[in-house]
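# Structural overview for review
What follows is each chain in one-letter form.
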Amino acid sequence: MVLALTVCGLVVLLVVVGLFVFGLRRRLIQRSGGTFDCSLRWDVPEKTDTSGKGWSYGVARYNGDRVEWYRVFSYAYRPRRTLERASIEVAGRRLPEGEEELALLSDAVILVCLHRGTRLELAMSEDALTGFLAWLEAAPPGQRVNVA
């Protein structure tokens, strides 16, 4: 009985510590500001896939001329993907369709982009999209920015 209670207590403690670390990591990422909720689908085929597969929920952070994207359900402190402003080409935008509506946040707009030849999709709120497009267009003089 004592062993079962000890094991249960340790399991509960590990879950609480794990959740605390998730929250602490997100707080550290957001500490410098310029963050927004952003789902990402990397290496997307040309044909639009509305199955909802491949989306990862995350947090993006502006860092100079880069956007750093972090997975929400990860303990890594380094970004999973880094997108350079000069390498991003916006190919279009669309609303979620089919099962994507269930996989993404309710107010999401999908931005279809190319980054160094890789096709990707970013899903974010309309406000975050406005900020992202403004950030893209605010490139320093002499940099080429492709916004469709």
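Provided above is the structure to which this section pertains.
All of the points below concern the structure found in this document. Please read these numbers as outputs of a predicted model, since none were measured by experiment.

The next subject is a nonpolar patch on the surface. Residues Leu10, Leu13, Val17, Phe20, Val21, Leu24 and Tyr75 make up a contiguous nonpolar surface patch of roughly 670 Å² in combined accessible area. Positionally, Val21 belongs in helix H1 (residues 2-30).

Bringing the sheet that holds strand E8 (residues 118-125) into the picture now. Sheet strands associate in pairs through backbone hydrogen bonding, adopting either a parallel or an antiparallel arrangement. Spatially, four strands are ordered E2-E8-E7-E6 in an open sheet, and the strand pairing comes out antiparallel. The open sheet terminates on both sides in strands that have one partner only, identified here as strand E2 (39-42) and strand E6 (88-94). Each strand of the sheet is rotated relative to its neighbour by a mean of 25 degrees, with strand direction disregarded. When E6 meets strand E7 (residues 108-115), the two strands line up antiparallel, connected through six bridges.

Here we take up the environment of Ala60. Mapped onto the fold, Ala60 is located in strand E3 (residues 58-63). Taking the C-alpha atoms as reference points, Ala60 and Met1, separated by 59 residues in sequence, lie 47 Å from one another. Every residue in contact with Ala60, bar those within four places of it in the chain, is listed here: Gly34, Thr35, Phe36, Cys38, Val67, Glu68 and Trp69.

Analysis parameters
- Residues numbered from 1 in each chain as written.
- Predicted model: local features only at pLDDT ≥ 70, side-chain atom pairs only at ≥ 80, totals over all residues.
- Heavy atoms only, no water.
- Patch = residues over 30% accessible without salt bridge, like charges linked within 9 Å, V, L, I, M, F, W, Y side chains within 5 Å.
- Areas by Shrake-Rupley, 256 points an atom, 1.4 Å probe, with all protein chains shown as cover.
- Salt bridge = Lys/Arg side-chain N within 4 Å of Asp/Glu carboxyl O.
- Helix = DSSP H or I, 4+ residues; strand = E, 2+ residues; numbered from the N terminus.
- Pairing = 2+ DSSP bridges.
- Axes fitted to C-alpha atoms, helices over the stretch in contact; angles between N-to-C directions.
- Contact = heavy atoms within 4.5 Å.

Treat this as a map of the structure, not an account of what it does.
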